[in-house]
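Below are the chains, spelled out letter by letter.
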Amino acid sequence: MHVKSVSIRDLSDAQLQQWRAWACQDDQLVSPYLLPDFAIAVDKVRADVRVALIEDEAGPAGYFAYHAPHRLAVRPVGAPMSDYQGVVARPGVAICPKDFLSRLGAGFMAYENWWNGSACPAGETRERDGSVVVDLSDGPEAYFADRKAIHKSQFKKMERRRRNAERDFGPLRLTTGDPDGQLFETLTRWKSSQYGATGKLDVFAIDWARQLLKNLNASDNPDFGGEVFALWFGDELAAVEIGLRAGDVYHSWFPAYDDRFAKVSPGLLLLHEIFHAAPELGLSRVDLGKGGTHYKTYYASYEVPLDSGRIIAPSFAALGLRTWDLAEACASVLPGKLSQLPVRARRRWSQISAFEPELGPRLATFARSFRAEAS
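Being a predicted model, the structure only gives us computed values, none of them experimental.

About the criteria used
- Residues numbered from 1 in each chain as written.
- Predicted model: local features only at pLDDT ≥ 70, side-chain atom pairs only at ≥ 80, totals over all residues.
- Heavy atoms only, no water.
- Helix = DSSP H or I, 4+ residues; strand = E, 2+ residues; numbered from the N terminus.
- Buried < 20%, exposed > 50% of the residue type's maximum accessible area, 1.4 Å probe, protein only.
- Contact = heavy atoms within 4.5 Å.
- Areas by Shrake-Rupley, 256 points an atom, 1.4 Å probe, with all protein chains shown as cover.
- Phe/Tyr/Trp six-rings, centres within 6.5 Å; stacked < 30°, edge-to-face > 60°.

## Quick look at the overall build of the protein
Logical step 1: Helix and strand counts for the protein come out as 12 helices and 15 strands.
Logical step 2: The proportion of buried residues among the 375 residues of the protein is 51%.
Logical step 3: Long-range contacts, defined here as pairs at least 24 residues apart, represent 71% of the contacts in the protein between residues at least 6 apart.
Logical step 4: Counting only carbon and sulfur atoms, one obtains 52% of the accessible surface of the protein, whose full area is about 17,600 Å².

Dropping the structure here:
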């Protein structure tokens, strides 16, 4: 195997088209995040995007977009905002990132949503979860009929909430697009408030992440870009979300709603409207991403397994990571919530490290994050 690291700006049109073709399985796109277009979008807001060109004896074999190593750590492009990560390989080729990690000048890679299309273990997998996919290829009527047959009470409840919403707040309607950016600004306020209330890291306070979303929202590329959907009760905005669209695939990304309407589940009503409008929108699949949110079980046509974990090459960085593992193991015998402190700290540090590669901003964000959680 031969691996060469290049700027994504150095790829030819032919290479980009090959990458796009390999990101499809059985003529079906796996995810917008695995396209070169996503890496190109991230490259516009960060200066450290690279692509590993992987070749074997038969020629070009795969593409892997990543952020250049910083203190020996490398991360998949867009992490942790990229809801799918992985090597996009020639059909039938298995490429294991552990086999070329050191050739990128890295000793460590963390991954959160690793798609294992080549059936080759990425590294030390800590968790596996499923990205929930809504299959609308047979039309919304067939989809809803199938879901109602399995989860009758859930969908009856949602029909009742829709009626209550229209009775109490006004006619329900769906809009697409955000030409003046006002919906995005509202979404930013709602999400930042939500992050603050829950103690989670405010993604919209990270400069490059916010700019990435703004750029995707403003994109006029019909084949790839951000997609904004909004749910209205009369003239009142009830819920809004921005997602990533490529072709007939839409990946739900950042949803939020007005708390005034919480009793009628505006976020779920928005999803229902997107599903119903799928034929007019040209969508055959909606990906809700992974995560433990209970509502997703009601809507899953199937799930795509995604792994979270890490790859560690022999290095001083590896020694530090093993030391942290030991601390977690020792803390596990402590009572109550104390046993979870090292685990929580590791997860928060890993997330912030991906957003803030420089140590100074990373420490400041880490401190703010824990202060917000404690308040």
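## Quick notes on unusual backbone geometry
Logical step 1: Cis geometry is found at the peptide bond from alanine 79 to proline 80, where omega equals 0°.
Logical step 2: Note on placement: proline 80 falls in the loop between strand 6 (73-76) and strand 7 (88-89).
Logical step 3: Positive phi is not limited to glycine here, since aspartate 26 has a value of about 55°.
Logical step 4: Assignment of secondary structure puts aspartate 26 in the loop between strand 2 (24-25) and strand 3 (28-29).
Logical step 5: In this structure, serine 265 is a non-glycine residue whose phi angle is positive, near 55°.
Logical step 6: The topology assignment puts serine 265 in the loop between strand 13 (249-257) and helix 7 (266-276).

## Some thoughts on the side chain of arginine 46
Logical step 1: Inspection of the secondary structure puts arginine 46 in the loop between helix 2 (36-43) and strand 4 (49-56).
Logical step 2: Residue arginine 46 is classed as buried on the basis of its relative accessible area of 9%.

## Structural notes on the environment of alanine 119
Logical step 1: Looking at where alanine 119 falls in the secondary structure, it is placed in the loop between strand 8 (108-114) and strand 9 (124-135).
Logical step 2: Considering only alpha carbons, one finds alanine 119 and isoleucine 95, 24 residues apart in sequence, at a separation of 8.6 Å.

## Thoughts on the packing of aromatic side chains
Logical step 1: Tallying each qualifying case throughout the model produces 23 aromatic pairs.
Logical step 2: Between tyrosine 143 and phenylalanine 275, the ring centres sit 5.6 Å apart and the planes meet at 75°, which makes this aromatic pair edge-to-face. Here the residue tyrosine 143 occupies a position in helix 3 (residues 140-150), and phenylalanine 275 occupies one in helix 7, the gap between them amounting to 132 residues. Each member of the pair, tyrosine 143 as well as phenylalanine 275, is classed as buried.
Logical step 3: Here the aromatic rings of phenylalanine 144 and phenylalanine 275 are separated by 6.3 Å at their centres, their planes lie at 50°, and the arrangement is tilted. Taken together, the positions of phenylalanine 144 in helix 3 and phenylalanine 275 in helix 7 put the pair 131 residues apart, joining distant regions of the chain.

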